[in-house]
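So you can see what is in the structure, the chains are spelled out below.
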Amino acid sequence: MRVIVTLLILLARPALACELALVLAVDVSGSVDRNEYRIQMDGLAAALSDGIVTEALVEQQARVTLIQWSGTSRQEQTIPWTVITDFSDVAALSTQVAHAPRRWRNYSTAIGEALNLSAQVLEAASDCRRKVIDVSGDGKSNEGIAPADVLPQMRAKGIIVNALAIETDDTDLTAYFFENLISGEGAFVITANGFEDYPAQIRRKLQRETTKQLSLALPFE
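Note that the coordinates shown come from a computational prediction; the quantities given were computed from them, not determined experimentally.

1. Looking at the packing of helix 5 (residues 111-122) against helix 6 (residues 147-156)
Stage number 1. Packing of helix 5 against helix 6 leaves a shortest axis separation of 8 Å and a crossing angle of 20°. Classified by the angle their axes make, helix 5 and helix 6 are roughly parallel. When you trace helix 5 past helix 6, the crossing you get is left-handed. Two secondary-structure elements touch here, helix 5 through I111, G112, L115, N116 and A119 and helix 6 through P147, V150, L151, Q153 and M154.
Stage number 2. Of the residues that constitute the contact of helix 5 with helix 6, the class distribution is seven nonpolar, three polar and no charged.

The following block contains the structure:
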């Protein structure tokens, strides 16, 4: 009887609400070689396995998806939405990311279209309280709609856009992302000094992204 009562109590509990929908948008354009692609995916998988990130994703009952993006007609949701309810869900997602095959090579950089696709896939997670697009890339947009022209749509939908700039030359990609890509309350850019610095910086980025709103400030009395 005690087992039956316990089961009924568990079934009667309301499902925890999704606090975070996170789109991981990874650059696979022509400027990213085979080794650099591998660094990105392995680094991202390791960042998802970080204890702080894992706990935050579970705490927020997050939903996470992966987009690979390149030129104007070459963006795709390559890992569907993963619902995070416990640590095993994060581990399974990390494994998927680590083994994700590259979708394209040798094409342009269309960041605006990547944002548009990210906004579209977020419609499937409309019940999540906070919606975030995590864009990483190593170059300026050079094809299609300008990313800055998409940002009003992001703001209207309450979507936060953060960025990781992988600096590989003297372009000052960090400043470009700051001025043209990030949007929303608390949006930020993190800089990786080359692809070799990507794993450490994507870990920092996900820690900041996933834990940012776990603690709410109390009003002054």
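Now that the structure is up, let's keep going.
2. Focus: the sheet that holds strand 3 (residues 75-83)
Two strands in a sheet stick together by hydrogen bonds in their backbones, pointing the same way (parallel) or opposite ways (antiparallel).
Stage number 1. With mixed pairing, the six strands of this open sheet are ordered in space as 3-2-1-4-5-6. Two strands lie at the open edges of the sheet, namely strand 3 and strand 6 (189-193), each paired on one side alone. Averaged over all neighbouring strand pairs, the angle between strand axes comes to 15°, with direction disregarded.
Stage number 2. Note that strand 4 (residues 130-137) and strand 5 (residues 159-167) share seven bridges and pair parallel. Residue pairing in the sheet places I133 in a bridge with V161 of strand 5.
Stage number 3. Set on the sheet, helix 4 (residues 87-98) makes contact with strand 2 (63-69) and strand 3; between it and strand 3 the angle comes to about 160°.

3. What about the environment of K157?
Stage number 1. With respect to the helices and strands, K157 occurs in the loop between helix 6 and strand 5.
Stage number 2. By relative accessible area, K157 is classed as partly exposed at 40%.
Stage number 3. Placed 34 residues apart in sequence, K157 and E123 show a C-alpha to C-alpha distance of 9.7 Å.
Stage number 4. Filtering out sequence-adjacent residues up to four positions away, K157 remains in contact with A119 and E123.

4. Examining the packing of helix 2 (residues 34-48) against helix 8 (residues 198-211)
Stage number 1. Packing of helix 2 against helix 8 leaves a shortest axis separation of 8 Å and a crossing angle of 40°. Here helix 2 lies oblique to helix 8, going by the angle between them. The handedness of the crossing between helix 2 and helix 8 comes out as right-handed. Residues I39, Q40, G43, L44, A46, A47 and L48 of helix 2 pack against Y198, P199, I202, R203 and L206 of helix 8.
Stage number 2. Split into classes, the residues belonging to the contact of helix 2 with helix 8 amount to nine nonpolar, two polar and one charged.

5. As for the pairing of strand 2
When a strand is regular, its side chains alternate between the sheet's two faces.
Stage number 1. The element strand 2 is largely enclosed, with a buried count of seven among its seven residues.
Stage number 2. Taking every second residue as pointing to the same face, both faces of strand 2 are buried, with R63, T65, I67 and W69 on one and V64, L66 and Q68 on the other.
Stage number 3. Bridging between strand 2 and strand 3 involves six bridges; their strand directions are antiparallel. Residue W69 lies in a different strand from strand 3, and its bridge partner there is Q75.
Stage number 4. Where strand 2 folds back onto strand 3 in an antiparallel hairpin, the turn is made up of five residues.

Definitions and limits used
Residues numbered from 1 in each chain as written. Predicted model: local features only at pLDDT ≥ 70, side-chain atom pairs only at ≥ 80, totals over all residues. Heavy atoms only, no water. Axes fitted to C-alpha atoms, helices over the stretch in contact; angles between N-to-C directions. Helix = DSSP H or I, 4+ residues; strand = E, 2+ residues; numbered from the N terminus. Parallel < 35°, antiparallel > 145°, perpendicular 65-115°, else oblique. Left-handed = near helix turned anticlockwise from the far one by under 90°. Contact = heavy atoms within 4.5 Å. Nonpolar A, V, L, I, M, F, W, Y, C, P; charged D, E, K, R; others polar. Pairing = 2+ DSSP bridges. Buried < 20%, exposed > 50% of the residue type's maximum accessible area, 1.4 Å probe, protein only.

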